[in-house]
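Examining the three-dimensional arrangement
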Amino acid sequence: MIKVITYGTFDLFHEGHYNLLKRAKDLGDYLIVGVTTESYDQTRGKLNVVDSLMTRIENIRKTGFADEIIIEESIGQKIQDIKKYQVDIFTVGSDWVGQFDYLKDYCKVIYLDRTKNISSTMLREQNMQIQRIGVIGTGRIAQRFMPEVRQVSGVNAQAVYNPHRESAARFAERWGLDCYDKLDDFYAAVDAVYIASPHETHYDYIKSALQHDKHVLCEKPMVLKEAEADELFRMAKERKKILFEGIKTAYCPGFNQLMGIACSGMIGNIRNIEACFTKLERTDGRELTDLKYGGSFVELGSYCMLPIMKIFGENYTDVRFDMIKAENGLDLFTKAFFTYPNGMATATCGLGVKAEGKLLISGTKGYIVAEPPWWKTTYFEVHHENPGEVEKYSDRFIEEGLRYEVSDFLSMINGSSKSKFKLTRSESVAFASVMEKFLKENQRG
Ligand code: CTP
């Protein structure tokens, strides 16, 4: 019996997939089809897959060509499958010519002609209205956003706005965007906005964007007052618009895997979380001179609160802050202590003091540790009482990692996301509430 294997995502099942499977089956007697999982697709940079894994499997089953359907979860799995299923022929479409020649040590490799003029990417683009994104603010983070947004299909960065006309024009020139003097004209040219302006301007921009019926992705911290966060989310809901706080960690695959494992019971009941993020900044930079909105906690607190709120929830019984301040009163190093009915947590942030920026999650049966930069999660370990018993996990975090949040933002706009918001509205409101308390205690509120 000749066994044949092929792999693919098979999103929005189309004629090209059908032809490929038919010809793959004709190559032998028994066809195995490997279907990629969502998380594997994400790690290889294939974002915005529309159909769920179950739908994609069902579509393949319906063709009647597959004798067996398996799941492809990770890189390197193909060799294992070929050995395990004693495969004679590996086949894929001709778009992959040469890329699987390394499998020739294990079986025959055949590239089949690809069906012309059809692909899942094409269908996704036809099905989706391309979302035109406008960027507000032209600072460092906006510069990092541009190459990332270009990696996500279905969105087109279109326009930029900055009241400082010259900065906007420079940014527009560099990235090939349209530049507008009037905010109304800018809104008229886009479907959604990415806000990367100074913190204190977020609230007004979000409000005006929503009033113009635009979806909003706003850099963290979105706002620094609970009532403002509440009001904006309510407004977005009323207007049926998506409002997202852009904390990149929340949307990246590795962090989501980490949260899944933490909440799976693998380390028992979680009792303690220590999240630390420090980044030494120049003393004359905005972060350490903006007397109202600068300092360590406002800058980095959102990252550290993220795992805490995700695991323990928003109903802490107490939060208090200890800090080391610079002469100008801004915090160079801050620890926020959270108390929960069954646990405790610290969020440690530093712009002027360096620490070992770990994420440590302790439970009744073990602990999880993620080394810096855990906020761009690529690797973590699960430890148990026996020091020899360590499970290691890794995932990819591509470049600046902003593509993950853009991809989720787009999926939510198109209503095609199978998952809920990865960062919930109530979590964003809770972050704003802690920031507000922190600023009030520092007479900055
Ligand atoms: N395929 C094909 N002809 C097409 C499209 C896909 O023969 N027009 C083949 C691919 O070469 C692969 C299999 O179908 O062997 C599954 O491909 P997949 O990547 O899922 O489909 P695409 O339409 O290429 O998806 P995308 O646009 O997301 O890359």
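Residues numbered from 1 in each chain as written. Predicted model: local features only at pLDDT ≥ 70, side-chain atom pairs only at ≥ 80, totals over all residues. Heavy atoms only, no water.

Strands in a sheet are paired, the pairing made by backbone hydrogen bonds, and the direction either parallel or antiparallel. Strand order across the open sheet formed by six strands is 8-7-6-9-10-11, with parallel pairing between neighbours. Looking at the sheet topology across the chains shown, the edges are occupied by strand 8 (178–179) and strand 11 (243–246). Relative to strand 9 (residues 192–195), strand 6 (residues 131–136) runs parallel, the two sharing four bridges. Paired with Gly134 across the two strands is Val193, which belongs to strand 9. Lying over the sheet, helix 14 (residues 402–414) contacts strand 6, strand 7 (155–161), strand 9, strand 10 (215–219) and strand 11, oriented at roughly 160° with respect to strand 10. (Pairing = 2+ DSSP bridges. Helix = DSSP H or I, 4+ residues; strand = E, 2+ residues; numbered from the N terminus. Contact = heavy atoms within 4.5 Å. Axes fitted to C-alpha atoms, helices over the stretch in contact; angles between N-to-C directions.)

What follows is about empty space enclosed by the protein. Overall, the coordinates contain two cavities of 30 Å³ or more when judged by the stated rule. Counted as a void, the largest cavity has a volume near 40 Å³. Phe233, Leu243, Phe244, Glu245, Tyr251, Phe421, Leu423, Thr424, Arg425 and Ser428 together form the lining of the largest cavity. Every element with two or more residues in the lining of the largest cavity is listed here: strand 11 and helix 15 (425–441). (1 Å grid on protein atoms, 1.4 Å probe; cavity = no way out; pocket = protein on both sides within 12 Å on 5 of 7 lines; lining within 4 Å. Points joined across faces, edges and corners; volume = space filled by probe spheres on them.)

It is worth spelling out the environment of Val369 at this point. If you trace the backbone, Val369 turns up in strand 17 (residues 367–370). The class of Val369 is buried, set by a relative accessible area of 9%. For the pair formed by Val369 and Lys358, sequence separation is eleven residues and the distance between their alpha carbons is 7.1 Å. (Buried < 20%, exposed > 50% of the residue type's maximum accessible area, 1.4 Å probe, protein only.)

Right, let's get into the sheet that holds strand 16 (residues 359–363). Across the sheet, which stays open at both edges, the eight strands sit in the order 13-14-15-12-16-17-18-19 with mixed pairing between neighbours. Taken across any chain shown, the strands that pair with only one partner, and hence form the sheet edges, are strand 13 (318–325) and strand 19 (390–394). Each adjacent strand pair in this sheet contributes to an overall mean axis angle of 10°, direction not counted. Strand direction decides the pairing type here: strand 16 and strand 17, joined by four bridges, are antiparallel. Bridge pairing in strand 17 places Ser362 opposite Tyr367. On top of the sheet, helix 15 reaches strand 13 and strand 14 (331–340); it is set at about 50° to strand 13, its chief contact.

The next subject is the packing of helix 10 (residues 226–238) against helix 15. Packing of helix 10 against helix 15 brings their axes to within 7 Å, and their N-to-C directions diverge by 155°. Overall, the two elements helix 10 and helix 15 adopt an arrangement that is roughly antiparallel. The hand of the helix 10/helix 15 crossing is right-handed. Residue-level contacts link Glu226, Ala227, Ala229, Asp230 and Phe233 of helix 10 to Arg425, Ser428, Val429, Ala432, Ser433 and Glu436 of helix 15. Considered class by class, the residues forming the contact of helix 10 with helix 15 number five nonpolar, two polar and four charged. (Parallel < 35°, antiparallel > 145°, perpendicular 65-115°, else oblique. Left-handed = near helix turned anticlockwise from the far one by under 90°. Nonpolar A, V, L, I, M, F, W, Y, C, P; charged D, E, K, R; others polar.)

Around the ligand sit 19 residues, and of these Asp95, Thr115, Ile118, Ser120 and Thr121 come closest. At a separation of 2.9 Å, an oxygen atom of the ligand approaches a polar side-chain atom of His17. The contact in question runs from an oxygen atom of the ligand to an N or O atom on the backbone of Ser120, over 2.7 Å. Protein chains bury 93% of the 570 Å² of accessible surface belonging to the ligand in isolation. When atom positions are compared with the pocket grids, the ligand is found to occupy the largest pocket. Breaking the shell around the ligand down by element, the ones donating at least two residues are helix 1 (15–26), strand 4 (89–93) and helix 5 (120–127). The class makeup of the residues in the shell around the ligand is five nonpolar, ten polar and four charged. (Near = heavy atom within 4 Å. Polar contact = N/O pair within 3.5 Å; in protein donor to acceptor, adjacent residues only side chain to side chain. Areas by Shrake-Rupley, 256 points an atom, 1.4 Å probe, with all protein chains shown as cover. Sits in = over half its atoms within 2 Å of the grid points.)

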